Amino acid sequence: PEPSPLPLRSRRGLLGFGVQEKEQLREALTDPLGCPPCGPETSEDVGPISALSYGLVLERAWLRKQLHNGGAIRIPTVSFSPGNVTTTAMEEFGAYIRKVFPRVFSSSFVHHEVVGGFSHLFTVHGSDPLLQPYMLLAHLDVVPASDEGWEVPPFSGQERDGFLYGRGTLDDKNAAMGILQALEFLLKRNYKPIRSFYIAIGHDEEVSGRDGARKIASKLESAGVRLSFLSDEGLAVLDGVMKGIERPVALVGTTEKGSITLTLTVQSVPGHSSFPPKETSIGILAAAVSRLEQNPLPSLFGKGPELATFEQLATQFTFPLNIVMANLWLFAPIVARILAWKPSTNALVRTTTAVTLFQGGVKANVIPPFANATVNFRIHPAQTVEEVLELVRATIADDRVKISVQEAFNPLPVSPYDEDSFGFQVIRHTIHEIFSEVGAVAPGVCIGNTDSRHYLNLTKNIYRFSPIWLKAEDLSRIHGLNERISLEMYERGVQFYLHLIQNSDTPELPKAHKSLHEL
Ligand SMILES: CCCCCCCC/C=C\CCCCCCCC(=O)NCC(=O)O
Ligand SMILES: [Zn+2]
Ligand SMILES: [Zn+2]
């Protein structure tokens, strides 16, 4: 049977669903009868039903039918360096989404194209051409992971205790699959958007986005496209990440830090290890790198947009921290010192220094002819590439260490987050709908970099929020060991995009609400 039409929001509700509509939506989302006929599969047919590994979670019976041959997490779409990505896996990913999202690829008002070899651009044509389109961004590539240290192999897509484990479950296949799953679901319910939108799934975000996002952006720019707003991965719902805040809070990245990656090289004359010089190239380089680690760049806390984050979150802090945060003009130096204790909050205080690669030496009895190291700095919004470079030179203070710049860009402009900013308000409203536990939604500085920076010429309204719930212990899973997402959170992510798409269909500006109770 054809699926029943989804009871969509009435126009009167604009952004919010009415109580009855929400109930209907809940039923539609969980009612397997709304799915295509599936046959009498049991859970043994496909093993554990896991969201990303099998692609779909809301319509479990339907997904069992389609997804026997692996899933998003099991396709190792690893990016190693710019131009060096796992192309076969990326092609497989393209085939996979064609298979599991048939309506997205066959709808008369969704246009799909592959850009840069493996990135995907979808244009979803809305019924009102006068409304400016928006864009949902995600990426399909992941950073490498070996089996070592993982509870389950990172590309096996296994479920344990309600969590799906694997590289990409938080960054960023949850979003790539979640967005497409939301669209597939809406199309199945005969939903026709009013406002047009784009979905761009990049294939090399983890290594600069130069072949994916950059090409998509320049293609759209040449076509004269301007966006109402752009939503990408970034900050998240944070639960217990910051001491003194009792309820979870959602941070939406209104800017992101800059970045500079340096190669440090020391050369020396090779020779016999039995009569070594006082210092080898490895020793000289190690000392330089150690000086960088021992002398972090200065605290700039309170001089950038992080000030607004803490001011807006002030009421969420318990006494007396609420007073402290509301008076950062006085207390910023003390707060900065406390934030610097933990890596996640230290990243808000200063430009960070990370030594990520170190190479040197050719044989045990040969004086090394060279040594080199890669150091990646993430630049605080109140600093520039030039300023960082100058401070680094002064800290190394050794002419034998040659410094070359691999890549560099300044911190990104701050997107508006006032009451008149459609993009920020629609995202904020949707967060309150889906993550009703959050005490506040505030603007923040995204400490990592995203594909969204390639779209600066298309909109000033760029917002970086991953619809995921992170506890303090989860932060190390991103690019780390045992990356995982609970099935419940993946499902909430799909709901987030489902609501965001529908909420964006209003021409009117949503008013800022602190919570749903005020609606
Ligand atoms: C109350 C304030 C506490 C703030 C603590 C920050 C918590 C960090 C939350 C999320 C992690 C940020 C990840 C950002 C996305 C990164 C995407 C990525 O990997 N890009 C590539 C790169 O940056 O190299
Ligand atoms: Zn990412
Ligand atoms: Zn990443």
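Residues numbered from 1 in each chain as written. Chains lettered and ligands numbered in written order. Predicted model: local features only at pLDDT ≥ 70, side-chain atom pairs only at ≥ 80, totals over all residues. Heavy atoms only, no water.

- Per an unreviewed UniProt entry, the protein is named N-fatty-acyl-amino acid synthase/hydrolase PM20D1 isoform X1, and its organism is Geotrypetes seraphini.

Quick look at the site of ligand 1
Moving on, step 1. The immediate surroundings of ligand 1 are formed by 16 residues, with Asp-171, Glu-205, Arg-378, Asn-449 and His-479 found nearest.
Moving on, step 2. In the model, an oxygen atom of ligand 1 is placed 2.8 Å from a nitrogen or oxygen of the Arg-378 side chain.
Moving on, step 3. The separation between a nitrogen atom of ligand 1 and a polar main-chain atom of Asn-449 is 2.6 Å.
Moving on, step 4. Alone, ligand 1 offers 670 Å² of accessible surface; in the complex the protein occludes 90% of this. (Near = heavy atom within 4 Å. Polar contact = N/O pair within 3.5 Å; in protein donor to acceptor, adjacent residues only side chain to side chain. Areas by Shrake-Rupley, 256 points an atom, 1.4 Å probe, with all protein chains shown as cover.)

Here we look at the pattern of salt bridges
Moving on, step 1. Counted under the stated rule, the structure contains 14 salt bridges.
Moving on, step 2. With a closest N to O distance of 3.9 Å, Glu-151 and Arg-160 form a salt bridge.
Moving on, step 3. By relative accessible area, Arg-160 is classed as partly exposed at 35%.
Moving on, step 4. A salt bridge links Arg-210 to Asp-211; its shortest N-O distance comes to 3.2 Å.
Moving on, step 5. Classification of Asp-211 as buried rests on a relative accessible area of 18%. (Salt bridge = Lys/Arg side-chain N within 4 Å of Asp/Glu carboxyl O. Buried < 20%, exposed > 50% of the residue type's maximum accessible area, 1.4 Å probe, protein only.)

Topic: helix α7 (residues 173–188)
Moving on, step 1. In this model α7 runs 22 Å from its N-terminal to its C-terminal C-alpha over 16 residues, within 8% of the 22 Å that 1.5 Å per residue would give.
Moving on, step 2. Within α7, 16 of the 16 residues are buried, which leaves it mostly tucked inside the rest of the structure. (Helix = DSSP H or I, 4+ residues; strand = E, 2+ residues; numbered from the N terminus. Expected span 1.5 Å × (residues − 1).)

Some words on the coordination of the zinc ion (ligand 3)
Moving on, step 1. Around the zinc ion (ligand 3), the protein supplies Asp-171 (OD), Glu-206 (OE), Glu-206 (OE) and His-479 (NE2) as donor atoms, at distances of 1.9 to 2.7 Å.
Moving on, step 2. When the donor residues of the zinc ion (ligand 3) are listed from N- to C-terminus, their spacing reads D-x34-E-x272-H.
Moving on, step 3. Between the zinc ion (ligand 3) and the zinc ion (ligand 2) the interatomic distance amounts to 3.4 Å, and Asp-171 serves as a bridging ligand to the pair. Here the residue Asp-171 occupies a position in the loop between β7 (163–165) and α7, and Glu-206 occupies one in the loop between β8 (197–202) and α8 (213–222), the gap between them amounting to 35 residues.
Moving on, step 4. By relative accessible area, which is 10% here, Asp-171 ends up buried. (Donors = N, O, S within 2.8 Å, 3.2 Å for Na, K, Ca; no water.)

Focus on the coordination of the zinc ion (ligand 2)
Moving on, step 1. Around the zinc ion (ligand 2), the donor atoms from the protein are His-139 (NE2), Asp-171 (OD), Glu-233 (OE) and Glu-233 (OE), and they sit 1.8 to 2.6 Å away.
Moving on, step 2. Viewed at the metal, the four donor atoms of the zinc ion (ligand 2) are separated by angles of 55 to 159°, and the geometry they form is irregular.
Moving on, step 3. Of note, the donors binding the zinc ion (ligand 2) are all from one chain and are spaced H-x31-D-x61-E.
Moving on, step 4. By relative accessible area, His-139 is classed as buried at 1%. (Tetrahedral: all angles 85-135°; square planar, octahedral: opposite > 155°, others 65-115°.)

Section: the nonpolar core
Moving on, step 1. Core analysis: the biggest nonpolar cluster contains 92 residues, and Ile-431 and Phe-435 have the highest contact counts within it.
Moving on, step 2. It is α7 that contributes the most residues to this core, 10 residues altogether.
Moving on, step 3. Residues in contact with Phe-435, not counting those within four places in the same chain, are Val-237, Phe-465, Pro-467, Ile-468, Trp-469, Met-489, Arg-492 and Phe-496.
Moving on, step 4. In terms of nonpolar packing, the next biggest core, distinct from the first, is built from 21 residues, Val-266, Leu-285, Val-388 and Ile-396 among them. (Core = buried A, V, L, I, M, F, W, Y, C linked by side-chain atoms within 4.5 Å. Contact = heavy atoms within 4.5 Å.)

Side note on the packing of aromatic side chains
Moving on, step 1. Under the counting rule described, the total for this entry stands at 11 aromatic pairs.
Moving on, step 2. Judged by centre distance (5.3 Å) and plane angle (80°), the ring pair of Phe-496 and Tyr-497 falls under edge-to-face.
Moving on, step 3. For Phe-496, a relative accessible area of 1% translates into the label buried.
Moving on, step 4. For Tyr-497, a relative accessible area of 3% gives the class buried. (Phe/Tyr/Trp six-rings, centres within 6.5 Å; stacked < 30°, edge-to-face > 60°.)

Quick word on the packing of helix α15 (residues 422–434) against helix α16 (residues 487–503)
The relative placement of two packed helices is expressed as an angle between their axes plus a distance between the axes.
Moving on, step 1. Interhelical geometry of α15 versus α16 gives an angle of 135° and a closest axis separation of 9 Å. Regarding the angle of α15 to α16, the classification is oblique. Like other packed secondary-structure pairs, α15 and α16 cross with a definite hand, here right-handed. Contacts between α15 and α16 involve Phe-422, Val-426, Ile-427, His-429, Thr-430, Ile-431, Glu-433 and Ile-434 on the former and, on the latter, Arg-492, Gln-495, Phe-496, His-499, Leu-500 and Asn-503.
Moving on, step 2. For the contact of α15 with α16, the class distribution of residues is seven nonpolar, five polar and two charged. (Axes fitted to C-alpha atoms, helices over the stretch in contact; angles between N-to-C directions. Parallel < 35°, antiparallel > 145°, perpendicular 65-115°, else oblique. Left-handed = near helix turned anticlockwise from the far one by under 90°. Nonpolar A, V, L, I, M, F, W, Y, C, P; charged D, E, K, R; others polar.)

Quick notes on the UniProt feature "binding site: Zn(2+) 2" (unreviewed entry) in the protein
Moving on, step 1. Per the UniProt entry, the sites bearing "binding site: Zn(2+) 2" (unreviewed entry) are His-139, Asp-171 and Asp-232 in this numbering. Considering the C-alpha atoms alone, the annotated residues occupy 94 residues of sequence yet fold into one spot, their largest mutual distance being 11.2 Å.
Moving on, step 2. With respect to the secondary-structure elements, His-139 resides in strand β5 (residues 134–139).
Moving on, step 3. Once you skip the residues sitting within four places of it in the chain, His-139 turns out to touch Asp-171, Asp-172, Lys-173, Ala-176, Ile-201, Gly-202, Glu-205, Glu-206, Glu-233 and Asp-451.
Moving on, step 4. A polar side-chain atom of His-139 sits 2.9 Å from the main-chain carbonyl oxygen of Asp-141.
Moving on, step 5. For Asp-232, the position within the fold is in strand β9 (residues 230–239).
Moving on, step 6. Judged by its relative accessible area of 2%, Asp-232 falls in the buried class.
Moving on, step 7. Those residues in contact with Asp-232 that sit more than four places away from it in its chain are Leu-137, Ala-138, Thr-450, Asp-451, Ser-452, Tyr-463, Arg-464, Phe-465 and Ser-466. (UniProt positions renumbered as here; feature names shortened; annotations may be inferred.)

Brief notes about a nonpolar patch on the surface
Moving on, step 1. Where nonpolar side chains cluster on the molecular surface, the patch consists of Ile-334, Ile-338 and Trp-341 and spans about 380 Å² of accessible area.
Moving on, step 2. Checked against the element boundaries, Ile-334 lands in helix α12 (residues 328–339). (Patch = residues over 30% accessible without salt bridge, like charges linked within 9 Å, V, L, I, M, F, W, Y side chains within 5 Å.)

Examining the UniProt feature "binding site: Zn(2+) 1" (unreviewed entry) in the protein
Moving on, step 1. Under the feature "binding site: Zn(2+) 1" (unreviewed entry), the UniProt entry names Asp-171, Glu-206 and His-479. Spanning 309 residues, the named residues form one tight spatial group whose C-alpha atoms are at most 10.1 Å apart.
Moving on, step 2. Once residues lying within four places of it in the same chain are set aside, the contact partners of Asp-171 are His-139, Asp-141, Val-142, Glu-206, Glu-233, Ile-478, His-479 and Glu-483.
Moving on, step 3. A distance of 2.9 Å separates the side chain of Asp-171 from the side chain of His-139, its partner in a polar contact.
Moving on, step 4. Contact partners of Glu-206, with chain neighbours within four places excluded, come to Ser-79, His-139, Asp-141, Val-142, Val-143, Asp-171 and His-479.

Regarding the side chain of Thr-169
Moving on, step 1. Looking at the element boundaries, Thr-169 is found in the loop between β7 and α7.
Moving on, step 2. At 2.8 Å, the side chain of Thr-169 forms a polar contact with the backbone oxygen of Gly-166.

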